[in-house]
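Chain by chain, the residues:
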Amino acid sequence: MYMKTNFPTEMFQNLQTPFYYYDTELLNRTLQSAMTEANRYGYHLHYAVKANANSRVLESIRAAGLGADCVSGGEIQAAVDAGFSADKIVFAGVGKADWEINLGLDKDIFCFNVESLPELQVIDALAAAKGRTACVALRVNPEVDAHTHAHITTGKKENKFGINLDQLDGVLDSLAGLPHVRLIGLHFHIGSQLLDLEPFRALCGRVRELQANLEKRGVQVENLNFGGGLGIDYAQPDAHPIPDFGTYFKIFHDNFPVQPHQQIHFEPGRSIVGQCGALISKVLYVKEGSEKRFVILDAGFTELIRPALYQASHAIQNLTSDKKEVIYDVVGPICESSDCFAKDIPLPETQRGDLIALRSAGAYGEIMASQYNCRQLPAAYFSDLL
Ligand SMILES: Cc1ncc(COP(=O)(O)O)c(C=O)c1O
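Residues numbered from 1 in each chain as written. Predicted model: local features only at pLDDT ≥ 70, side-chain atom pairs only at ≥ 80, totals over all residues. Heavy atoms only, no water.

> Would you explain helix H7 (residues 165-175) in this entry?
For an α-helix, the turn length of 3.6 residues means that residues three or four places apart are oriented alike. Residues Leu-168, Val-171, Leu-172 and Leu-175 constitute the buried set of H7. Each buried residue of H7 lies within a common arc of 100° when the element is viewed along its axis, so the set occupies one face. In the core, the buried residues of H7 are packed alongside helix H6 (117-129), strand S6 (134-141), strand S7 (163-164), strand S8 (181-187) and helix H8 (198-216). (Buried < 20%, exposed > 50% of the residue type's maximum accessible area, 1.4 Å probe, protein only. Helix = DSSP H or I, 4+ residues; strand = E, 2+ residues; numbered from the N terminus. Arc of directions from axis to C-beta. Contact = heavy atoms within 4.5 Å.)

> What is the right way to read the packing of helix H4 (residues 73-81) against helix H5 (residues 98-107) from this model?
Angle between the axes and distance between the axes: these two values describe a pair of packed helices. The N-to-C vectors of H4 and H5 enclose an angle of 30°; their axes lie 9 Å apart at closest approach. With respect to H5, the element H4 is oriented roughly parallel. Where H4 abuts H5, its residues Gly-73, Gly-74, Ile-76, Gln-77 and Val-80 lie against Trp-99, Glu-100, Leu-103, Gly-104 and Lys-107. Across the contact of H4 with H5, the residue classes break down as four nonpolar, four polar and two charged. (Axes fitted to C-alpha atoms, helices over the stretch in contact; angles between N-to-C directions. Parallel < 35°, antiparallel > 145°, perpendicular 65-115°, else oblique. Nonpolar A, V, L, I, M, F, W, Y, C, P; charged D, E, K, R; others polar.)

> I'm lost on the site of the ligand in this one. Help?
Around the ligand, the surrounding shell holds 14 residues, and the nearest of these are Lys-50, Ser-192, Glu-267, Arg-270 and Tyr-364. For the ligand, an oxygen atom lies 2.8 Å from a polar atom in the backbone of Arg-270. Within the side chain of Tyr-364, an N or O atom sits 2.6 Å from an oxygen atom of the ligand. In isolation the ligand offers 400 Å² of accessible surface; the protein chains occlude 94% of this area. Grouping the constituent residues of the shell around the ligand by class yields three nonpolar, six polar and five charged. (Near = heavy atom within 4 Å. Polar contact = N/O pair within 3.5 Å; in protein donor to acceptor, adjacent residues only side chain to side chain. Areas by Shrake-Rupley, 256 points an atom, 1.4 Å probe, with all protein chains shown as cover.)

> Before we go on, may I ask you to explain unusual backbone geometry in this structure?
As a rule of thumb, non-glycine residues mostly have phi less than zero, and peptide bonds are mostly trans rather than cis. With omega at -5°, the peptide bond leading from Thr-17 into Pro-18 counts as cis. Within the secondary structure layout, Pro-18 lies in the loop between helix H1 (9-12) and strand S1 (19-22). Unusually for a residue other than glycine, Gln-193 sits at a positive phi of about 55°. Of note in this structure, Cys-374 is not a glycine but carries a positive phi near 55°. You can see Cys-374 is positioned in the loop between strand S16 (355-358) and strand S17 (379-382). What makes Cys-374 exposed here is its relative accessible area of 78%.

> Mind showing me how you'd approach the nonpolar core here?
The nonpolar side chains of soluble globular proteins are, as a tendency, buried together. Counting 96 residues, the largest nonpolar core has Phe-112, Leu-138 and Ile-272 as its most contacted members. If we ignore the near neighbours within four places in the chain, the residues touching Phe-112 are Phe-91, Lys-96, Ile-101, Gly-104, Leu-105, Ile-123, Ala-134, Cys-135, Val-136 and Ala-137. Among the nonpolar cores identified, the runner-up in size contains 10 residues, and Phe-12, Leu-15, Leu-319 and Ala-357 belong to it. (Core = buried A, V, L, I, M, F, W, Y, C linked by side-chain atoms within 4.5 Å.)

Okay, here's the thing in C-alpha cells:
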C-alpha cells in the first residue's frame, strides 16, 4: 500500500487541479541507476524525448549525461534548448519533413535513423544542397514480436516502421549512389512497455545474424542502437519505482558480443520518466448509477490518454480518504465514453473534493495532453520546488 505521506497532500490542496506532479528525487535516482548500469558495459543512452519533453525533466536528463532521441523537429529543438549537445542527438521517425531534416543538418546532429529508401534519398539531396554529408543509421525492422500491446508493437513486418529485412540489401546497394549520406550503423526498436525481456534476447540474435551478413558484404557496423522499450510496473509503482536496468542491459551484454570500436546505444523513454510522475486530480462528483458508482474526476483523457488509447491501466489512489473501500468506475469529464481511467476498482469511500493520484503518469502523460473540449493544458510541479 502506498504511503500517502509520500505526496505533499497538504500543499496539493492549494493548487489548481488537474496538474502533473514530478518526484525530482525519484527521477534523479532512476537516472543514476540507468547510467550506472549502462556504464558497466560502456553503453550510450539517448533519452526518448517523446516520453516527456517538459523542459525541467529534459534538463535533469541532460545533466545526468544522457543524449536525446528525437522523432520530430520540435523535439530536436526542445533537446537543443535543454542543452543537449548536437553530437548526442539522434533523429528517428518514419515521416521526417524536409524542414526537420534541414534542422537536423543545420544543428549537425549525431545521426539520422532512416526508415525508408525514399527518406534516404531526400536526406542525401538536402545534405548535398548544403554541401554536407549526413551520418545515417538504417532502422531495420527485425521481425521480432515484442508481445506487447498491438498499438505499441513496432518490430513486425506489418508495422510501418523501419526497413524490412528482405529490403535491406536493396537499400544498401542504393547507398553507392548517395554520396551525401554516410552509413554509420543500424537502429532497432521492437516495441514499448516490455516486461518479459525475452524479445530483447531474440533481438540480439537477429542483430548478430544481420551483422554477419553485412560483414560478408564488407559493411562494418560502427554503431548499433537497440532502441527503447523497457517497461515499468504500472500495477505496483511503489514496489518497483526504478526499473531493473541491471537485468535489462545484462541481456544485451550476454547476448550481443561487442566488437572493438563498435558503440552500442539505447533509447529508453518510459523506463526513465514513467514512475516519477503522477497526475493529480480532484473529484468533481460521485454519481450513483443504477448499476455502477462513478467517481468523476476533473482530469480526463486530455491529461492522460493512455487508458483510452491503449487500454492501459494506472494505479489510482485517493490521497484524502482512508474510509472503507467501495467499488467504483473512475472516469473523466470529457464527452467521450472512452474517457474512463478504470472500471470496478476498489477505492476508499470517495466524496467531492477528494484528491486522486493517477500514478506512473510521467511517460506519455503530459506530452500527450490535448486541448480537446477546449480544455486548458495543466501545470506541472516538481517536488523540489513546491
Ligand atoms: C524509435 C523509438 N525509440 C525509443 C522509444 C522509447 O520507447 P520506450 O518509452 O518504450 O522506452 C520509442 C517509443 O515508441 C521509439 O519509437
